[in-house]
Amino acid sequence: MKSPSDFLSGGGEMGALMRAHDWSATPLGPPDTWPSLLKSTIRLLLTSNHPMFIWWGPDLLQFYNDAYRATMGRERHPSALGQPGRECWAEVWDIIGPEIELVMSGRGATWHEDALVPLTRNGRQENVWWTYGYSPIEDETGVHGVLVICNDVTKDHLNKESLRRLNEELSEEVQVRKQAEAALASERDRIDAALEKSRADLAVQILDWQRLHAMSCELLQARTRQAQFEVILKTIADLHRSGKGVISLHDPKRNALVTAASIGLGADANALLACVPLGKGACGTAFETRERIIIADTETDPIYADYRQFARDEGIRALYSSPFYTRSGEPLGVLSVYFDAPRRPEARELRISDICLGQIALVVEREQAESRLHLEQQRSHKILETMKDGFIMFDAAFRVLHINSEGLRMDGRPLSELLGRTHWELWPDTYNLQVGRELRRVMSERVPARFTHCYDYFGRITWFDVSAYPHDDGIAVIYRDISEQKKVEQELARVVDESERRRRLYETFLANSPDLAYVFDLDHRFIYANEVLLKMWGKTWNEAIGKNCLELGYEPWHAEMHDREIEQVKATRKPIRGDVPFHGTFGRRIYDYIFVPVLGPDGEVEAIAGTTRDVTESRQNEAALREANQRKDEFLAMLAHELRNPLAPISAAAELMDMVQLDGKRLKDTSRIISRQVKHLTELVDDLLDVSRVTRGLTSITKTPQDVKGIVADAIEQVMPLVEAKRHHLTQDIAAGPAHVMGDRKRLVQILTNLLNNAAKYTPEGGRIHLSAQSDGATVSLAVRDDGIGIAPEMQARIFDLFTQADRTADRSQGGLGIGLALVRSLTELHGGSVTCSSEGLGKGSEFTISLPRLACGQPKGDGKDAAQSTAPVRKRRILLVDDNEDAARMLAMYLSAQGHEVITEQTSQQAFERAQRETPEICILDIGLPEIDGNQLAGMLKGRKETAEALLIAVTGYGQEQDRQAAMAAGFDHYFVKPVDLGKLARLLEQ
C-alpha cells in the first residue's frame, strides 16, 4: 500500500530536501494534507530531468527539482525551497512578478525564449538568458500555482549573438538568419499559445508540452535537415499515436511534391510518394488549395481515389495533409499524417500538428538561409582573398586566426609562420606604439577605430591606413599600404603650406596696401578686389565679385573706357596706364591706374590684373609745389629788389667818401645814410629770421598782463612817421573801458605795427586809415581798416601764407617780402588769438581784425618799457677782436677804439689764441664762422687756459638761429650778437 508521502519519493537531492523540510511551519502544513493537484505536479517535477519550478498558493511557496537547482547558485539554494517567491527573487521581481500575477489571475500562460533575466549567482551579477514558460496549475476551482519549465540558454544566446555579429559584418544576409531565429521564437510562442488554450487536462498539456519541448531540444541537437525532419515526424507520430507520416517539399523545377522524410512507410509507398503532382491526392490538393485536407476514410473519400490501393497496401484508413508556409505566406510543402482506422484528427492534434508545421517551415527556411549564408561566406572569403587590402583576424589573445593573400604578400612570410602567433611576436616593438595602443583599445572597449601608422616594416619605412573592428572575442583588422599616398600628401601639404604662406603674404600685403588691387576675367567682370577697393565701393565681397564696372556704379563713359582698355590689353598683351576721377565712398578722388595681362601656361591672356593709386593729394601737392615755386621766385625777385634798395645808397656813399674829401657835415650826412640803410637791411634779415623761427615753432614768448591801450599807443608811435610822410588821415576808435590781455608786449606791438604799416604802404597818398579797439566779455578785437588798393577775392584765402603778395606794379614801389602777414598770423596764434581779412575787391580797401582772449581782471604791473640807460663815463677795456673778414674787423675795431678801448685784431683762431696768452685781454669778441678752428672751439680753448679763463667772451656772427645761439652759449660764450651788430647795445654791454 502506498504511503501518502510517496509522491516525494526519489527526486535526487531535492526529493531528499523536500522530505526533510519542516513543512508544518509553512502555510501548507504537512505533505500528507497537501492538495492532490499539488502532489501530482510535484511528482511530475521530481521525476523530470528538465529544469522545473513551482510557485504554490498565495505566498507562492517554492519547489524545484535537481535540474533546476544547478541554475540557482549558492545565494538561493537550498534556502529557496519553501521560501515565498517575492523574498527569493526580489532583485528580478519587477521582471517576473507581473507575469506570475497574470498566470495566477487565470489569464493564461506565458512563454519566453532567450529572455534576459539578470541574476546574482555565486557572488556576482550575471546576465542570464532563459527559455522559460509560466503555466497555470489549475483545476475546476481555479488557479492554485504556477509551473515553470525553463532552460538556461545563456551559452546558446552568446553563441547566437557572436554568430549574428559576424554575419552583420560579413553580409546583409545575416538578417535572414536573425529573422529565422525570430521565426523559431515565434513558433515557440505559438506552441505556448496552443498550450494556453488547452486547459482541459493539465496532465495532457504537460505531457504534450514536454514532448514538444523535447522535440525543440532535439532539434537544437540535430545538425541536418533530415535529422530534424525525423525528430518532428517521430514527435507527431507519438502525439497522434500513429506510426506513419510524410514530409513533402515543393520542387519548383518539377512543380511537384517530393518526399523529404517519412516514417513507418515501406519502400513501395515511399517510391509512390516520391513525386506527387500538384492537385493529386491529399497532399497535392492541400498544397494547391493551401488548405488542410482531412480524409476521414480512405475507402469512401473521392479525393483519395487514385491512392486507395496505396492505402490498402499500407494499412491506412484515414489521414490529413497540412501545407506549411514561409513567414511571407508562400507554401513550402505538406505534412501528411496517416491513421490505421477511420477517424478525424482531434483539435488538440491539429494544434500540435500546426506547431510542428511551423517547426518544419522554420527548418526549411533556416536551411535555405544557411545555404545562402554559406554562399555569402564563400563570396566574402573570395572577396577577402581578392581584395587589395590586408586582412587579419585576431583572437582575444591577439593570436592570428586568419590572414588574407594580400596580407601575406605585404608581410612576405608564409602562412605557417603567422597562424597561431601573437601580434607582438610577429611585429615586435609595436606594443607601445600607436598601433599597439589602438588595437588594445579596440579589444578592451569593443569599439571600432581607424588610424594611420608609420612603421619600420622590416627595414622599410611604411605608412598604413588601419581599420580595426571588434569581432567575436577578438578583433578584425583591415590595413592598406599608403606610403606612396603619404608621400603625395606630404608633398601636397608642403605645396599647400607654401601656397597658403604666399597667399597670406599677398593677402596681407593687398589688404593693408593703400592701393586698390583687383582682377578682371575675360568678360570684364571683377573676380578679385582687395579690402580697400571694397571700402571705396562701399560693398561686400559677395555684392561686388562677379560684376562689371557699370553694375558697380561707374559712370557709363568711365565703364566704357575701361572696357576698351581691357580689350586692348587682351589684344596687345601689353599693360595700359591712365588716370581718372572717380566718386566713391572716399569722395571724388583722382586715381592713377595700370592694367596688365595675366598669361596662362599657353601664353594666352586668362585674366587682367590691375592696381590703382589715389593720387589726389600728390596732384594737389604738385599744384601746391608749383604755386610755392612761383611764390619762391617772386619772393627771391622781391628780396633782390629789397636788398638792392639799401645797397644802392650805401654803395654810392662809399664811393663818394672815396672820391672826395668830405667836410664834417657832409661826412655826418653820409654816415647817417649808411647807418639808416644798414638798419633797413638788418630789419629785412631780422624779419626773415623772425618768420622762420615763428613758423617752425622755435619762438617763445613771455606773457604778462598788458593794457591794449598802451600797445595801440606804441604801435601808432612807430608807424606815424610813415603815415605822416604819405599824408594819410589816421583815426582811432578806442573803447573807453579797460581792456587787458595776457601777452608779450613787444610781439603785440609788432603785430599791430605790421598791420598799420601795410595799411600805410598800400593806401594811395592822402588815404584814410581807421584803427579800432573793442572788447566784450571774453575777447579784445583790434581792427585796421583802410581805403587803399584792396585785395582780390581769390587772394583773401591765402593772404596770410608765407611769401604771398598781392599783384603789384613792376616798380614794386611799396617794397615788402610777403612775410609780414604770415608773421602776424603766427604771432597772433601764439597768443591764443586769430586774425581775419576782408575786402570788397581791388581798389575798395581792406580790413584786418585781430581777436585776442581778454584778461578777466587785474592791471599790468608796468608799461613794459625799458628803463633809462645810465650815461656813466665809458671805462677803457683791453679787447681781443677775431674776424676773418678784414673789413668787418677793421670797422668794428675803429668803432671800439673811438669808444676809448684798447683793441687787438686777429684774422685766424690759432694766432688769436697765442696772442691772447701773451696779452691777456679782458674781453674777447669772436666771429663763429672762422676757418679751421671755428669760434665755438676757440672759445673752449680760451676758457681752458688760466690766462683767459676769466675773460668775457662775446660772439659776433651771421648765424641767427636759436640752435646757433644755444651751441655758442654751451661752448663758453657769455653774450651773443647777430651781424650787423647793434653797436649801441654792444657799447652798453662794454660799459657794464
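Residues numbered from 1 in each chain as written. Predicted model: local features only at pLDDT ≥ 70, side-chain atom pairs only at ≥ 80, totals over all residues. Heavy atoms only, no water.

Going by the annotation in an unreviewed UniProt entry, the name recorded for the protein chain is histidine kinase, with Noviherbaspirillum album given as the source organism. Under the UniProt heading Catalytic activity (unreviewed entry), the note attached to the protein chain is "ATP + protein L-histidine = ADP + protein N-phospho-L-histidine." (UniProt positions renumbered as here; feature names shortened; annotations may be inferred.)

S.K.: Mind laying out the packing of aromatic side chains, listing which residues take part and the relevant values?
M.R.: Applying the stated criterion across every chain, the model contains 27 aromatic pairs. Ring centres of phenylalanine 53 and tyrosine 68 lie 4.9 Å apart, and the angle between their planes is 55°; this geometry places the pair in the tilted category. One end of the pair, phenylalanine 53, is in strand E1 (residues 52-56); the other, tyrosine 68, is in helix H3 (residues 66-69), with 15 residues separating them in the sequence. With a relative accessible area of 1%, phenylalanine 53 lands in the buried category. Clustering of aromatic rings is evident, with ring pairs tying together Phe53, Trp55, Tyr64, Tyr68, Trp89, Tyr132 and Tyr134. Lying over the aromatic face of tryptophan 427, arginine 413 brings its terminal NZ or CZ to 5.9 Å of the ring centre. (Phe/Tyr/Trp six-rings, centres within 6.5 Å; stacked < 30°, edge-to-face > 60°. Helix = DSSP H or I, 4+ residues; strand = E, 2+ residues; numbered from the N terminus. Buried < 20%, exposed > 50% of the residue type's maximum accessible area, 1.4 Å probe, protein only. Lys NZ or Arg CZ within 6 Å of the ring centre and 35° of its normal.)

S.K.: Before we move on, could you go through the sheet that holds strand E9 (residues 256-263) and cite the residues and values that matter?
M.R.: Pairing is antiparallel in the open sheet, where six strands are placed in the order E10-E9-E8-E13-E12-E11. At either margin of the open sheet sits one strand with a lone partner, and together these are strand E10 (275-277) and strand E11 (293-295). Averaged over all adjacent pairs, the angle separating strand axes in this sheet is 25°, with direction ignored. The sheet contact formed by E11 and strand E12 (residues 318-325) spans three bridges and is antiparallel. The residue bridging isoleucine 293 from the neighbouring strand is serine 321, located in E12. Contacting strand E8 (244-251), E9, E12 and strand E13 (331-339), helix H9 (residues 225-240) runs over the sheet at an angle of about 70° to E9. Each of E8, E9, E10, E11, E12 and E13 is contacted by helix H11 (residues 281-289), which is oriented at about 145° to E13, the strand it contacts most. (Pairing = 2+ DSSP bridges. Axes fitted to C-alpha atoms, helices over the stretch in contact; angles between N-to-C directions. Contact = heavy atoms within 4.5 Å.)

S.K.: Mind laying out the pairing of E13, listing which residues take part and the relevant values?
M.R.: In terms of burial, E13 is largely enclosed, as nine of its nine residues are buried. Pairing between E8 and E13: six bridges, direction antiparallel. Bridging from a neighbouring strand, valine 246 pairs with serine 336 of E13. Pairing analysis gives eight bridges linking E12 to E13, with the strands arranged antiparallel. Residue pairing for E13: alanine 318 is matched across the bridge by phenylalanine 339. Here E12 hands over to E13 after five residues, with glycine 329 in that stretch at a positive phi of 95°.

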